[in-house]
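Spelled out from the first residue to the last, the chains are:
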Amino acid sequence: MGITSFFFILLVQLCNGKSLPKFSAILIFGDSTVDTGNNNYISTIFQGNHRPYGENFPGRIPTGRFSDGKLVPDFLASMLGLKEYVPPFLQPYLSKHDLLTGVSFASAGSGYDDLTTAASKAIPMSQQIKYFEHYIEKLQGIVGEEKAQKILSGALVIISAGTNDFIFNFYDIPTRRNQFNITGYQDFLLIQLQNFVEDLYNLGCRKMLVAGLPPVGCLPIQITAKSPFLRKCIEEENFDAQSYNAKLTRLLKQVQAALSGSKVLYSDTYHPFMQMIKHPKKYGFVKTRQGCCGSGTYEAGPFCNKQRPVCKNASKYLFWDSIHPGESAYRYLSNMAMKKLLRHKLSHNKTH
C-alpha cells in the first residue's frame, strides 16, 4: 500500500471512527476512465500504450492507461489494501493473485450502446460481460465454485461509462439523433445500464458503485469543437449530463430494491469535477480547460504521442489530454469514492 493511500485511510478512520471497508476483490467495467490496458490487446486506434501516456506512472511506463499515471481503480485497490494496480483482464499470464483480487474488463471507447463501439472497435459492455464469464471460470478453476461465489459476492464492482455514448452517437456524430431526442436517448442508455447491472447480479456480484456522467461540456475536446475561441464549457451538454445523472440516481435505488441482498450505489463525478473547474487553486490546478499533452485542445489517443510536447507539471492540469483527467484529478475522485464507501458501509451488507 502506498504512503499516500495509508495516510488517507488513517485520516478517514481518525475523523470518522469508521473501519476500512473490506472487499475480496475489485472488478472494473466501463470505458477509458477505468481501462487499465485492455485496448493494448485488441485492434483499435483507441490506445494509450505509447509515450507520453504513463509519464508519471512508476517507471514512466505507458501501460495503456489514458492518463499520466494511475486511474481510480488503482487508487481504490491500493486504499482498500488489495494491491497497488488493477491489471487488465486481457493481459497474458495473469497470476493467481491477480485473478483472485480482481481485474479490469473496461475498454477505452466503450459505452452502454453497442453502436458506440461500431466506430471505435473497442470492447462493448456486452462483450465485457462475456469476458467476465470467462473470468469466473478461471476463478472457479483456482478456488472451486463455492469460494469463487464468495469472492464475487464480496467484491467491489465499479462501472464507469456513458460519456462516449453521448459524444459518439449524439453530440459530435449524430447517429442516434435520427431515432431519439436527448430524453429518449438517456432512457435508452439507462435501460442498457440496468440490464448490465442485472447481468452482473445474476453472475454473483452484490456490491456495485456506478459512476454518473462528468460535465461532458467541459471536456477540452468538446470546448474545442463548440467554443474554440471563448473556450467556455458547453452548458447544454452539462445540463444533459445533470438530468441523466438525476435519472440514474433514481434508477439505481429502484434496481437495488429489486435485487435482494444487493448494494448498488451512485457515484457522483459531476460535482467533484465542477468543484475542480470552478475552484482550481483549492485543488492545486492552474489549467482546467486544456490538457497537458500538446496544445491540450484536441490531442488524445494516437494524437497524443511522443512528437507532442507535454506541459512541465502535469499535476497543475486537471486534464492530461483533451478528454481524460490527469492522475491528480483521479486521486481526488478516488478519495471521494472512498468516502462514499465508508459512508454507506458498502462492504457490510449481508449477501444472499
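Reading the values: rules and limits
- Residues numbered from 1 in each chain as written.
- Predicted model: local features only at pLDDT ≥ 70, side-chain atom pairs only at ≥ 80, totals over all residues.
- Heavy atoms only, no water.
- UniProt positions renumbered as here; feature names shortened; annotations may be inferred.
- Helix = DSSP H or I, 4+ residues; strand = E, 2+ residues; numbered from the N terminus.
- Rg over C-alpha atoms; globule rule 2.2 N^0.38 Å.
- Contact = heavy atoms within 4.5 Å.
- Areas by Shrake-Rupley, 256 points an atom, 1.4 Å probe, with all protein chains shown as cover.
- Lys, Arg positive; Asp, Glu negative; His and termini not counted.
- Charge placed at Lys NZ, Arg CZ, Asp CG, Glu CD.
- Axes fitted to C-alpha atoms, helices over the stretch in contact; angles between N-to-C directions.
- Parallel < 35°, antiparallel > 145°, perpendicular 65-115°, else oblique.
- Nonpolar A, V, L, I, M, F, W, Y, C, P; charged D, E, K, R; others polar.
- Buried < 20%, exposed > 50% of the residue type's maximum accessible area, 1.4 Å probe, protein only.
- Polar contact = N/O pair within 3.5 Å; in protein donor to acceptor, adjacent residues only side chain to side chain.
- Disulfide = S-S within 2.5 Å.
- Pairing = 2+ DSSP bridges.
- Core = buried A, V, L, I, M, F, W, Y, C linked by side-chain atoms within 4.5 Å.

Labelled according to an unreviewed UniProt entry, the protein chain appears under the name GDSL esterase/lipase At2g30220-like, originating from Nicotiana sylvestris. Under Sequence similarities (unreviewed entry), UniProt gives the following word-for-word description of the protein chain: "Belongs to the 'GDSL' lipolytic enzyme family."

Peer 1: Please give an account of the overall build of the protein chain that cites residues and values.
Peer 2: For the protein chain, the count of helices and strands is twelve helices and six strands. A globule of 352 residues ought to have a C-alpha radius of gyration of about 20 Å, and the protein chain, at 19 Å, matches this closely. When its C-alpha atoms are laid out on the principal axes, the protein chain stretches across 60 × 50 × 40 Å. Considering only residue pairs separated by 6 or more positions, the protein chain has 71% of its internal contacts joining residues 24 or more positions apart. As displayed, the protein chain has an accessible area near 15100 Å², and 56% of this comes from carbon and sulfur atoms. Treating the 39 positive side-chain charges of the protein chain as one cloud and the 26 negative ones as another, the clouds have centres 8 Å apart.

Peer 1: Outline the packing of helix α5 (residues 125-143) against helix α8 (residues 182-202), supporting the account with residue identities and numerical values.
Peer 2: Following both chains from N to C, one finds α5 and α8 inclined at 5°, their axes separated by 11 Å at the closest point. Looking at the two axes, α5 sits roughly parallel to α8. Counted together, M125, I129 and F132 of α5 and F196, D199 and L200 of α8 form the full contact between these two elements. The residue makeup of the contact of α5 with α8, split by class, is five nonpolar, no polar and one charged.

Peer 1: Which residues make up the environment of S32, and what values do they have?
Peer 2: With respect to the helices and strands, S32 occurs in the loop between β1 (26-30) and α2 (72-79). Residue S32 is classed as buried on the basis of its relative accessible area of 7%. Distance from S32 to L71, taken between C-alpha atoms, is 9.6 Å for residues 39 residues apart in sequence. When residues no more than four places from it in sequence are discounted, the contact partners of S32 are F66, L71, S107, A108, G109 and H324. A polar contact of 2.7 Å, which involves the side chain of S32, links it to the side chain of H324.

Peer 1: Outline the state of the cysteines, listing residues and values.
Peer 2: Taken as a whole and judged by the stated rule, the model has three disulfides. One disulfide in the model links C292 with C311; its S-S distance is 2.0 Å. Between C292 and C311 the sulfur-sulfur dihedral comes to about -100°; the bridge is accordingly left-handed. Separated by 19 residues along the polypeptide, C292 in the loop between β5 (287-291) and β6 (317-319) and C311 in the loop between β5 and β6 bring together distant segments of the chain. Both residues of the pair, C292 and C311, belong to the buried class. Counting its disulfide-bonded cysteines in sequence order, the protein chain shows a connectivity of 1-2, 3-6, 4-5.

Peer 1: Account for the sheet that holds strand β2 (residues 156-160), with residues named and values stated.
Peer 2: Hydrogen bonds between backbone atoms are what pair the strands of a sheet, whose relative direction is either parallel or antiparallel. Strand order in the open sheet made by the four strands is β1-β2-β3-β4, with parallel pairing throughout. Each edge of the open sheet is held by one strand with a lone partner, namely β1 and β4 (263-267). Each strand axis lies, on average, 20° off the axis of its neighbour in the sheet, ignoring direction. Pairing between β1 and β2: five bridges, direction parallel. Looking at the pairing, I26 lines up with L156 of β2. Contacts between α8 and the sheet are confined to β1, β2, β3 (207-211) and β4, with β3 contributing the most and set at about 160° to the helix. Running over the sheet, helix α12 (residues 327-344) touches β2, β3 and β4 and is turned about 145° from β4.

Peer 1: Can you tell me about the nonpolar core, naming the residues and giving the values?
Peer 2: The biggest cluster of nonpolar side chains holds 90 residues, and the ones touching the most others in it are L27, F132, Y135, I159 and L200. At eight residues, α8 tops the list of elements feeding residues into this core. Non-local contacts of L27, meaning those with residues more than four positions away in its chain, are made with G102, V103, F105, F132, Y135, L152, A155, L156, V157, I158 and C205. Counting eleven residues, the second-largest nonpolar core is a separate cluster that includes A108, C292, A300 and A314.

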